[in-house]
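A structural walkthrough
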Amino acid sequence: MKIGLVGLPGAGKSTVFGALTGMAVETGYGAGAGKQNLGTVKVPDARVDALAALYQPKKTTYAEVAFTDLGGGGHTGIDRAQLNAMREVDALCQVVRGFPDAAGDPPDPVNEIVELETETILADLEIVERRVERLRKDRSNPRELEVLEQILARLEGEQPVRGMELDEGQNKLLSGYRFLSAKPLLLVLNVSEDQAAAPAPGSVVEAAEARGLGLVVLSAQIEMDIAQMSPDEQPEFLATLGLEEPAKNRFIQAAYQLIDLISMLTAGPDECRAWPVPRGAKAPRAAGKIHSDIERGFIRAEVVPWQDLIELGSEAKCREAGKLRVEGKEYVVQDGDVVHFRFNV
Ligand code: GDP
């Protein structure tokens, strides 16, 4: 699973990427033209921290999510290279400039949001028009034509595919197209240092709400500075800016939710760990994330919600209190379940 950082040149994609991953990247207009930085980021998780405090395990492992900086090389607008690169990722985070640029130009965040939306709609439209024309001619797939005609109407109305009500069968027919305007999208408003603690401008909040999109406000510059600081220097620095904690954690958690993963937890003296599992996965499939042998030999899952385990202090106590459930093959794993699998080898 990979999340692409997208947006106009100079919006702060490379700076956000550097702050997220702690990787040294080139920033500035046109920097890294045509290059794509790729980095993996741990998903902060207070549940894993609580379990680790209880078990004092040898190892603590967080879920991870991969970010890539789809910079493109252009100096203006969103270029073809960036649009093509977007097809290869599972979700998009649009970095939107909320600070005056080097030339002193004031930001125009709503316009940037609209611009990316328009570019993705046009890119999708190009594909759909061609395909619809073909299917109308050769009549080879009436079901596909029917749903593509709905999509065509939507795109012609300047609306993204995202937000359309499609059933499972229709989604299946469409999955190969990887529509850009259908990809989950999170907005990241990158504000100047003195605005980091202020609420987002109303116009941006409205633009996000009207589209049903999540919005995270941060100052990439501050996040980058924090990432390069030792932990004991951070609180004072944050306090002078009026911040309680870095925005990075909130941002990563929002991005993780975007790709529709939940965290299954495992806990014990060896390791406490969060495992990314697709929402809706049944127990054997979730077990397969740990090891294919466990999926193959699956017998049952012993499940306890993490809060109960923390509250009662051990699996045995949870069992006594009737909080530990025994679940079979059809069980759909829930976010925050602490799971112990029983399996045949
Ligand atoms: P990209 O083209 O979207 O990758 O943008 P960059 O990350 O390269 O940033 C463009 C310029 O804006 C660089 O000179 C950054 O130092 C600057 N910049 C990025 N984020 C911030 C921010 O939060 N505050 C301020 N003042 N400058 C920033």
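Below: a short report on this structure. Only a predicted model underlies this, so the values are computations on that prediction, with no experimental measurement involved.

What follows deals with unusual backbone geometry. For Gln56, which is not glycine, the phi dihedral falls at a positive 45°. Structurally, Gln56 is set in the loop between helix H2 (46-55) and strand S3 (59-61). Residue Gln56 is classed as exposed on the basis of its relative accessible area of 61%.

With that settled, consider the sheet that holds strand S2 (residues 37-42). Taken together, six strands build an open sheet; the order of strands is S2-S4-S1-S5-S6-S7 and the sheet is mixed. Of all strands in the sheet, those bounded by a partner on one side alone are S2 and strand S7 (214-218). Put simply, the sheet's adjacent strands are angled 25° from each other on average, direction ignored. Here S2 runs beside strand S4 (residues 64-69); their pairing, made up of six bridges, is antiparallel. What sits directly across from Asn37, in S4, is Asp69. On the sheet, helix H4 (residues 109-138) packs against strand S1 (2-6), strand S5 (91-98) and strand S6 (185-191) and is oriented at approximately 150° with respect to S5. Lying over the sheet, helix H10 (residues 248-258) contacts S1, S2, S4, S5, S6 and S7, oriented at roughly 160° with respect to S6.

For the rest of this paragraph, the subject is helix H5 (residues 142-156). For H5, spanning 15 residues, the distance from its first C-alpha to its last is 21 Å, which sits close to the expected 21 Å at 1.5 Å a residue. Contacts made by the buried residues of H5 are with H4 and helix H6 (168-174). Positive phi shows up at Glu158, right after H5, with a value of about 60°.

Among the secondary structure elements, Asp308 is positioned in helix H13 (residues 306-312). Of the side chains with opposite charge, Lys323 lies nearest to the buried Asp308, which makes no salt bridge, at 4.5 Å. Those residues in contact with Asp308, other than ones at most four positions away along the chain, are Gly313, Cys318 and Lys323.

Once that is clear, we can look at the environment of Asn171. If you trace the backbone, Asn171 turns up in helix H6. Distance in space between the C-alpha atoms of Asn171 and Val147 is 9.2 Å, their sequence separation being 24 residues.

This structure, assessed with the given rule, holds 20 salt bridges. Here Arg131 and Glu144 are joined by a salt bridge, their closest N and O atoms 3.1 Å apart. Here Arg131, found in helix H4, pairs with Glu144, found in helix H5; they are 13 residues apart in sequence, far enough to count as distant. Judged by its relative accessible area of 8%, Glu144 falls in the buried class. The residue Arg134 makes a salt bridge to Asp138 at a minimum N-O spacing of 3.8 Å. Of this pair, Arg134 and Asp138 are both found in helix H4, four residues apart, which corresponds to roughly one turn of the helix. Accessibility expressed as a relative area gives 39% for Asp138, which makes it partly exposed. Connected through salt bridges with shared partners, the residues Arg300, Glu302, Arg319 and Arg342 form a single ionic network.

One finds Leu5, Phe67, Cys93 and Phe251 to be the most contacted residues of the largest nonpolar core, which totals 38 residues. The element best represented in this core is H10, accounting for five residues. For this core, the domains that each give at least three residues are domain 1 (2-106 + 183-258) and domain 3 (280-343). If sequence neighbours within four positions are ignored, Phe251 has contacts with Leu5, Val16, Leu20, Phe67, Cys93, Leu186, Val188, Val216 and Leu218. Residues Leu70, Ile78, Met86 and Ala123 belong to the second largest nonpolar core, which totals 24 residues.

The rules behind the values
- Residues numbered from 1 in each chain as written.
- Predicted model: local features only at pLDDT ≥ 70, side-chain atom pairs only at ≥ 80, totals over all residues.
- Heavy atoms only, no water.
- Helix = DSSP H or I, 4+ residues; strand = E, 2+ residues; numbered from the N terminus.
- Buried < 20%, exposed > 50% of the residue type's maximum accessible area, 1.4 Å probe, protein only.
- Pairing = 2+ DSSP bridges.
- Axes fitted to C-alpha atoms, helices over the stretch in contact; angles between N-to-C directions.
- Contact = heavy atoms within 4.5 Å.
- Expected span 1.5 Å × (residues − 1).
- Lys, Arg positive; Asp, Glu negative; His and termini not counted.
- Salt bridge = Lys/Arg side-chain N within 4 Å of Asp/Glu carboxyl O.
- Core = buried A, V, L, I, M, F, W, Y, C linked by side-chain atoms within 4.5 Å.
- Domains from an automatic or database assignment.

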